[in-house]
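Notes for the structure review
Residue strings, one per chain:
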Amino acid sequence: MAIILDEKKLLFTLLTNHSMYQMKADRYGALLHTYYGPKGIPFDYSYLITYADHGFSGNPYDAENRLYSLDVLPQEYPVYGSGDYRSTALKVRYDDGTNACELRYLRHEIQEGKYSLCGLPAVYASNDTKADTLIITLEDTRKRFYVHLYYGVMEDLDLITRAVRIENHSDNTIYLEQVLSTCVDFQHGDYDLHTFYGRHVKERTHQRVPVSHGVQSVGSTRGASSHQYNPFFLLSRPEATEDTGDCYGFSFLYSGDFLALSDKDQYNQTRILMGIHPGNFCYRLDPSESFLAPETAMAYSANGLGALSRIYHKAYRNNLCRGKYKTSRRPVLLNSWEGVYFDFDGQKLIDMAREAADIGVELFVMDDGWFGKRDLDVSGLGDWYVNETKLGCSLKELSDEIHSLGLQFGIWFEPECVNEDSNLYREHPDWALRVPGKEPVRSRDQLVLDFSREDVREYITKQMFQVLDSARIEYVKWDLNRSISDIYSALLPADRQGEVAYRYVLGLYNMLEKLITRYPDLLIEGCCGGGGRFDPGMLYYTPQIWCSDDTDAIERLTIQYGSSFGYPISTMGSHVSKCPNEQTHRNTPLETRATVAMSGTFGYELDVNKMSPEEKAVVTEQIREFKKHYDLIQNGDYYRLTNPKDNPDFHGWEFVSEDGSEALLCTVALQISPNASRRCMRLKGLCPDKIYLIDDVEYPGSALMNGGYLLPFAQEEYESFRIHIVEKR
Ligand code: DGJ
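Below is a short write-up of the structure. (Residues numbered from 1 in each chain as written. Predicted model: local features only at pLDDT ≥ 70, side-chain atom pairs only at ≥ 80, totals over all residues. Heavy atoms only, no water.)

**Observations regarding the site of the ligand**
In the vicinity of the ligand there are 13 residues, among which Asp367, Asp368, Lys477, Asp479 and Asp549 approach most closely. Between Trp412 and the ligand, the recorded distance is 3.1 Å, taken from a side-chain N or O atom to an oxygen atom. One of the backbone nitrogen or oxygen atoms of Gly530 is found 2.9 Å away from an oxygen atom of the ligand. Across the complex, the protein chains shield 98% of the 290 Å² of accessible surface that the ligand would expose by itself. (Near = heavy atom within 4 Å. Polar contact = N/O pair within 3.5 Å; in protein donor to acceptor, adjacent residues only side chain to side chain. Areas by Shrake-Rupley, 256 points an atom, 1.4 Å probe, with all protein chains shown as cover.)

**Side note on the pattern of salt bridges**
Counted according to the given criterion, the structure contains 63 salt bridges. The partner of Asp185 in a salt bridge is Arg271, with the nearest N and O atoms 2.7 Å apart. One end of the pair, Asp185, is in strand S10 (residues 174-186); the other, Arg271, is in strand S17 (residues 270-275), with 86 residues separating them in the sequence. The residues Asp185 and Arg271 share a single accessibility class, namely buried. Among the salt bridges present, the one from Arg237 reaches Asp246, with a minimum N-O distance of 3.8 Å. Among the charged side chains, a network of salt bridges with common partners joins Arg284, Asp286, Glu289, Asp495, Arg496, Glu499 and Arg503. (Salt bridge = Lys/Arg side-chain N within 4 Å of Asp/Glu carboxyl O. Helix = DSSP H or I, 4+ residues; strand = E, 2+ residues; numbered from the N terminus. Buried < 20%, exposed > 50% of the residue type's maximum accessible area, 1.4 Å probe, protein only.)

**Observations concerning the sheet that holds strand S4 (residues 31-38)**
The antiparallel open sheet is built from 4 strands, whose spatial order is S1-S2-S3-S4. Of all strands in the sheet, those with a lone pairing partner are strand S1 (3-6) and S4, marking the two edges. Here the average twist between neighbouring strands, direction ignored, is 15°. (Pairing = 2+ DSSP bridges. Axes fitted to C-alpha atoms, helices over the stretch in contact; angles between N-to-C directions.)

**Side note on the packing of aromatic side chains**
Each aromatic ring pair is characterised by the separation of its centres together with the angle its planes make. For the structure shown, the criterion picks out 50 aromatic pairs. Centroid distance Phe43 to Tyr45: 6.2 Å. Interplanar angle 80°. Geometry classified as edge-to-face. The class for Phe43 is partly exposed, based on a relative accessible area of 48%. A residue is classified by how much of its surface remains accessible, and Tyr45, at 14% relative accessible area, is buried. Their ring planes at 85° and their centres at 5.0 Å tell us that Phe534 and Tyr567 sit as a pair that is edge-to-face. Of this pair, Phe534 sits in the loop between strand S26 (523-526) and helix H10 (536-539) while Tyr567 sits in the loop between helix H11 (553-563) and strand S28 (572-573), and the two are 33 residues apart along the sequence. Residues Phe534 and Tyr567 agree in their burial class; the two are buried. Among the aromatic residues, those joined into a ring-pair cluster are Phe196, Phe232, Tyr312, Tyr316, Phe534, Tyr561, Phe565 and Tyr567. The cationic tip of Arg107 hangs over the ring face of Tyr146; the distance from NZ or CZ to the ring centre is 5.2 Å. In this arrangement the basic side chain of Lys114 is found over the ring face of Tyr115, its NZ or CZ atom lying 3.8 Å from the centre. (Phe/Tyr/Trp six-rings, centres within 6.5 Å; stacked < 30°, edge-to-face > 60°. Lys NZ or Arg CZ within 6 Å of the ring centre and 35° of its normal.)

**Focus: the sheet that holds strand S36 (residues 697-700)**
Strands sit in the order S31-S32-S33-S38-S35-S36 across an open sheet of 6 strands; the sheet is antiparallel. Strand pairing shows two members of the sheet lacking a second neighbour, strand S31 (637-640) and S36, which therefore form its edges. The mean inter-strand angle of the sheet, taken between neighbouring strand axes irrespective of direction, is 25°. In terms of strand pairing, strand S35 (residues 691-694) meets S36 through 4 bridges, oriented antiparallel.

**Quick notes on the packing of helix H4 (residues 346-359) against helix H6 (residues 395-404)**
Relative to each other, H4 and H6 sit at 15°, their axes nearing to 10 Å. The angle between H4 and H6 places the two elements in the roughly parallel class. Remark: the crossing between H4 and H6 carries right-handed chirality. Contacts from Gly346, Leu349, Ile350 and Ala353 of H4 reach H6 at Leu398, Glu401 and Ile402. (Parallel < 35°, antiparallel > 145°, perpendicular 65-115°, else oblique. Left-handed = near helix turned anticlockwise from the far one by under 90°. Contact = heavy atoms within 4.5 Å.)

**Considering the side chain of Arg640**
Among the structural elements, Arg640 can be located in strand S31. By relative accessible area, which is 3% here, Arg640 ends up buried. Among the polar contacts made by the side chain of Arg640, one reaches the side chain of Ser309 at a distance of 2.8 Å. Reaching out from Arg640, the side chain makes a polar contact with the side chain of Ser564 at a distance of 3.0 Å. Ignoring anything within four residues of it in the chain, the contact list for Arg640 reads Glu242, Leu305, Gly306, Ser309, Tyr561, Ser564, Phe565, Gly652 and Lys684.

**Focus on the packing of helix H12 (residues 590-598) against helix H13 (residues 613-635)**
Between H12 and H13, whose axes approach to 10 Å, the crossing angle comes to 25°. Between H12 and H13, the interaxial angle falls into the category roughly parallel. Two packed elements cross with a definite hand, and for H12 against H13 that hand is right-handed. The residues of H13 that touch H12, namely those facing Leu590, Glu591, Ala594 and Met598, are Glu615, Val618, Val619, Gln622, Glu625, Phe626, Ile633 and Gln634. Here the residues of the contact of H12 with H13 are counted per class, giving 7 nonpolar, 2 polar and 3 charged. (Nonpolar A, V, L, I, M, F, W, Y, C, P; charged D, E, K, R; others polar.)

**A few points about the pairing of strand S19 (residues 290-301)**
Among the 12 residues in S19, 11 count as buried, and that is most of the element. Of the strand pairs in this sheet, strand S9 (residues 159-168) and S19 are connected by 8 bridges, and their pairing is antiparallel. By the bridge assignment for S19, Arg162 is matched with Thr296. Bridge analysis of strand S15 (residues 247-252) against S19 gives 6 bridges, and the strand direction is antiparallel. Within S19, the residue paired with Ser251 across the bridge is Ala297.

Function cannot be inferred from these measures alone, as they are strictly geometric.
As C-alpha cells, then:
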C-alpha cells in the first residue's frame, strides 16, 4: 500500500517509488502539510514546524495560546478568511454575503486504485501501474459544505495527483469564488521557479528565476490554456541542474483558464498554488450540488530537471494518452496548409498526395478550406458541409482517390468557432458567446460558439459526424484560432455566468469524448493556432498537439526544448516546411528541418510538387530513417543536452532506448565560424559498461558520457547531425 496511515496521529504518508508526501490533521482539525521530497522512513515530519507568537498573525478562536496561527503554519488546503493572509486555495461566499471561512478535518477514506473524475481528464492506472486513492474530507465550521481532497498515489510512475470536490450539504446556496486544485507549502529553503511563457508562434520558452518574496504568477484568462503561459511549471533548488538536485513539477490537467503561483511569505516559506483562474470564475452551488476542480499531477525528482521531465513523459505517454495511437505507430503525414493554404481543388490535392505517396508519406491531411464558403479566413466557420464545387468532387471521391494511392486521409475542423459570414451565424447569432448590449471582440474575424450549451454542441457534433461518416477519414485536426472573450451564455441566469468558462471546457471535453467513442481508431491532433492549447487536459483526448505555427527549425529548437520539460516527444506535432520559412524567412538545410521535425510526431507541410527530384530523394530517405527509429524517438528516454539560451553555438538532445542498447544523438550547429575548434558532446543515459558502435568505431558508454563524442565539423550554417549509437553485440 502506497498510503500509510497513523490513525492515532491522523498522519497520512503517501509513498511513490522515489518520493514521499505527508500531511497531518492536528488537534484543532487543521490539515497541515508536513513534507514533500525524497522517500525516507515515514516518520512524523511535523517536528519541522515552529510554533511561535508572531505579531499580526492571529489565532483561531479555539487556539490555546498565541503560538498557533494559520497565517504561518504549512497548510494542505488553505482557505480565505481563516486568518491566513497568504494566497489561498479556496474562497467561498455564503448566501448572507460573508466570506470568512474555516475548514476542519472530518474523515478520510483509502481506496485501492486511482480515482477518476467525471467529465474531466485524469491520469489513469493501467494493469502494470499500482495506484491508490486517499480522500480526506474537511468541513467548514459553519457546517455548510464539505471539501473532499483527492490524492492519487501512482507508485511506479512517481506521480501524486490531486483533485478537489466541494459538496454543499446545507439548505443554502453558496458561491465558490475560487477553488484551486493544489497547494503545497515548503517551509524551508530557497527555490527557483521555472515557467514557460511565449506568444503565438513562440510558445513555451523556458524561464528560470529565483522565487522572491510576494506573489509570482502565470496564468490564462483566455478561455484556453494559452500560447502565453503553460499550465506546467516547476520548482527547483537553486543549485539544481539538468542532472542533479531537487525539483518538483506541477502540471494542471485542464485546457481553460488557469493560475499557477508561488507566494513567498514573511517567514521565507514558499507556497505553491495551482488551479482554475479565479478571474472568470464564480460557481453557484445549490443545496446537494457539488463542484469538481480539475486534476493536477505533481512529481518530485532528486536527480534534476531531466529526470523530472522523464517522469512526466512516461506517465503522460502511458497513463494519460488513450486510444489506438497511444501505442500504435502514428503515420508520417503531409499537411496541405503551408503548401497551398486555401488555394486548392480536389485535383491539386490528389496531385500532392500522389507525390507524397511516392516519397513514403502515409497520411494526407486536407487542412482549412474544404467546407462552406472558405477561400479566406473571414467566412465559412460553422458551415461544416463539404464545398463540392471547390473540390470538384465529393469528399468520398477525394478520400477514395487518396486511399487508392496507398495513403490514409485526414481533415481539419475548427468546431468551436463561427464566422459572422456563415449560414450558421445568420440562423443562430445567439449561439456565439457575446455579452448582451455589447459588441463582441472579434479575432481572425471569428466568434466563439457557446460550447457550454448542449444544443450548440449537439448541432456541431452532428455536422462533424455527417462529414466523418461520409468518407473514409483516419485523422482529424481539431483547431481553435482565437482567444475566448465575451464569456456570457444566453441560457444561464446572472449568478451562473461565472460558470460559463468552466462549463465551456467541460463541453469541449464532452464533445471530444463523444468523438473518440464513436471513432475509436481516429487519430485526433489538437491545435490552437499552433500551441495555444498545448496542455495535459487535451492529451487525454488527442495524443498529439500541433506544437506551434512556427515551423522554422531554429525557432522550433527553443519551442520544443521548452515543451519537453512537461510533455513527451510523442505529443509534439512537428513538420518539415519549405524554405525560406514562411514565418521567419530563414533558410535552413532540409536535413536540419527533418532533424527537428523528427523529434516530434514528424510530417511535412509543403507543396511536394514544387520539390526537386534531389530533394524528394532526400525526403524519401528521411522518412525511411524516421520509421526505423520510430520506437526509439517516440518511446525512448529523452535527454536535453544543451539549453539553447545558454549555448548560442550549438544545440543537442538525445534519445536512449529503455534498455540502453541504442541511442540517437541530434545536434544543430547554430553558429559557424572559420578555423573553429571541434565540438564535443557528452552523452547521457547510456550504460557505462556497454560497448557502443558509432559508424563502426567502438566506444565504452562511460567514455561517451564522461569524455564525450567529437561532433563532425559543420560545413554550413544550421547544419545538423543525427548520430545513431548502437550497442555492440
Ligand atoms: C492554425 C493552425 O495552427 C494551422 O496549422 C492551420 O491549420 C490554420 N490554423 C488553418 O486555419
